[in-house]
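So you can see what is in the structure, the chains are spelled out below.
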Amino acid sequence: MSRLPRPVWLLGWVSLATDAASELVYPLLPFFLTRVLHAGAVSLGVIEGAAEATNSLLKIWAGRVADRSPRKRPLVLLGYSISSLARPFIALTTTWTQVFTVRVLDRVGKGVRSAPRDAMLANWATPSTRGKVYGFHRGMDHTGAIVGPTIASVFLFFYPDQYRLLFGLTIIPGAIAVALIFLVREPDSERAGLKTRATTVVVAQDFSPASAPLPSAFTNFMLVLALFTLGNSTDAFLLLKLTDAAGTVRYVPLMWAALHVVKASVSMAAGSWSDRIGRRTVITIGWIVYAVVYAGFAVSTSILALFSWFLLYGFYFAFAEGTEKALVADLAPAERRGSAFGIYNAVTGLGALAASVIFGLVWNAYGTTAAFGFGAALALAATVLLFAIIDRPHDTNPGDER
């Protein structure tokens with residue numbers, strides 16, 4: 001890790017601070033909505049699904065803008081600023097529709113920043129280190145998601161039921177994240193210094209979007225991913241079942257933090273592994289773990305069993321998330337990576353909207369067993385298609401197009 005470029009480390013710390021703020025809120029949100037604001041499971045699915053869909057649609061736009069400009073940091077700064085300003089307003093909400101508004105604004109910020117940030121990370125990675133770079137970044141995300149819920153648990157131990165004050169305090173780590181972005185230099189200014197106007201023009205030309213469509217292998221991967229995401233509903237439903245089984249929300253943030261301990265511990269190793277044995281194999285492991293966990297949630301009722309499945313769930317994130325991004329960087333030409341990451345995030349976000357609404361409806365109509373079983377079945381089907389559609393030559397790094 002000491003050999004990772006300084007900007008990769010800085011962006012990792014930005015993500016850590018931002019996730020600490022987000023995860024102060026997220027594990028408590030299902031309880032806050034259903035017990036404090038008296039909203040139902042369907043409204044929870046609508047809120048989280050719509051928030052992620054908004055996030056993902058904006059990623060398409062942000063990715064295209066990033067491809068047209070050599071300077072991606074302004075978009076990254078704007079996105080983190082929007083989220084950091086919007087998130088604390090959950091403290092003032094009194095209805096689920098107000099929570100809906102704040103969550104959508106929070107995800108607007110994520111939608112603006114994510115594709116440009118991922119494209120920036122690709123510029124600091126080589127074909128043989130992409131898995132490590134994206135795995136490291138996901139690991140820092142997950143470390144923030146350990147810090148946030150841990151702080152929430154300690155806070156609620158001393159100040160029980162003070163959810164609104166806790167939500168308001170998220171402005172502090174949000175401000176830290178925004179301040180750190182100013183220390184991140186653009187990739188091309190790192191290498192060339194942008195000493196002259198001519199250099200700036202050349203760099204801009206290097207980043208101009210290609211007119212050719214993205215490769216068919218990328219399109220095939222997006223189709224398979226779309227099927228998987230239809231069964232990948234919001235994690236709020238897992239937290240809701242854990243809360244019901246535990247009988248209290250007090251320990252749920254600690255459970256959420258424990259999940260991210262697994263994610264943070266394994267993410268970089270899994271990403272580095274994908275650099276050696278191929279992306280497809282590592283993604284497959286993650287998707288199979290997902291199917292097993294959802295099947296476990298479908299048939300289990302005790303808090304001990306559910307918490308065990310929940311910890312195993314961390315391996316899905318560690319193996320799949322960073323590796324999926326590395327595969328996107330592999331398959332997309334350098335000048336189209338912003339657009340490619342925008343499409344990737346749109347597929348996952350729009351799938352999350354559909355999956356979350358469907359999950360909530362199935363939960364209400366047929367119960368949790370059917371809802372979790374549906375997600376497990378789609379994950380297995382997508383895993384089979386991943387091997388059938390994605391060719392082995394595209395499973396490893398094809399070389400750097402830059």
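Going by the structure above, here's the rest.
Everything numeric here is computed off the predicted structure, so don't read it as measured data. (Residues numbered from 1 in each chain as written. Predicted model: local features only at pLDDT ≥ 70, side-chain atom pairs only at ≥ 80, totals over all residues. Heavy atoms only, no water.)

Student: Would you mind showing me how to read the overall build of the protein here?
Tutor: Looking only at helices and strands, the protein has 17 helices and 0 strands in total. The buried share among the 402 residues of the protein stands at 57%. Intrachain contacts of the protein at a sequence separation of at least 6 include 86% that bridge at least 24 residues. Accessible area for the protein stands at about 15300 Å²; split by element, carbon and sulfur atoms hold 67% of it. (Helix = DSSP H or I, 4+ residues; strand = E, 2+ residues; numbered from the N terminus. Buried < 20%, exposed > 50% of the residue type's maximum accessible area, 1.4 Å probe, protein only. Contact = heavy atoms within 4.5 Å. Areas by Shrake-Rupley, 256 points an atom, 1.4 Å probe, with all protein chains shown as cover.)

Student: Help me out: how do you make sense of the packing of aromatic side chains in this one?
Tutor: How two aromatic rings sit relative to each other is given by the distance of their centres and the angle of their planes. Following the criterion strictly, the structure yields 28 aromatic pairs and no others. Look at Y26 and W256: their rings are 5.3 Å apart centre to centre, the planes differ by 40°, and that puts the pair in the tilted class. Of this pair, Y26 sits in the loop between α1 (6-25) and α2 (29-36) while W256 sits in helix α13 (residues 252-277), placing them 230 residues apart in sequence. Of the two residues, Y26 and W256, neither departs from the other in class, the shared state being buried. Ring plane angle 55° and centroid distance 6.0 Å describe the contact between F359 and W363, whose orientation is recorded as tilted. Residue F359 and its partner W363 are both found in helix α16 (residues 337-366); the two are separated by 4 residues, about one turn of the helix. W363 matches F359 in its accessibility class, with the two residues each being buried. Directly above the aromatic system of W256 lies the positively charged group of K263, at a separation of 5.5 Å from the ring centroid. We note K263 situated over the ring of F317; from NZ or CZ to the ring centre the distance is 3.4 Å. (Phe/Tyr/Trp six-rings, centres within 6.5 Å; stacked < 30°, edge-to-face > 60°. Lys NZ or Arg CZ within 6 Å of the ring centre and 35° of its normal.)

Student: It is not clear to me how the nonpolar core should be interpreted in this structure. Could you clarify?
Tutor: Nonpolar side chains tend toward joint burial in soluble globular proteins. Within the largest apolar cluster, 100 residues are counted, with the highest numbers of intra-cluster contacts made by F221, W287, F310, Y313 and Y316. When residues of this core are assigned to their parent elements, the largest contribution, 11 residues, is made by helix α15 (residues 303-331). Grouped together as the second largest cluster of nonpolar side chains are 6 residues, V262, V266, A270 and V282 included. (Core = buried A, V, L, I, M, F, W, Y, C linked by side-chain atoms within 4.5 Å.)

Student: I keep staring at the pattern of salt bridges and nothing clicks. Help me out?
Tutor: Side-chain pairs of opposite charge can arise where the charged atoms are in close proximity. Summed over the entire model, instances satisfying the criterion amount to 7 salt bridges. With a closest N to O distance of 3.7 Å, D106 and R87 form a salt bridge. Here D106, found in helix α5 (residues 96-123), pairs with R87, found in the loop between α4 (73-86) and α5; they are 19 residues apart in sequence, far enough to count as distant. Taken as a pair, D106 and R87 share a single burial class, namely buried. With a shortest N-O distance of 3.4 Å, D118 and K325 are connected by a salt bridge. With D118 in helix α5 and K325 in helix α15, this residue pair connects regions lying 207 residues apart in the sequence. Just as D118 is buried, K325 falls in that class too. Taken together, the shared-partner salt bridges connect R87, R103, D106 and R107 into one network. (Salt bridge = Lys/Arg side-chain N within 4 Å of Asp/Glu carboxyl O.)

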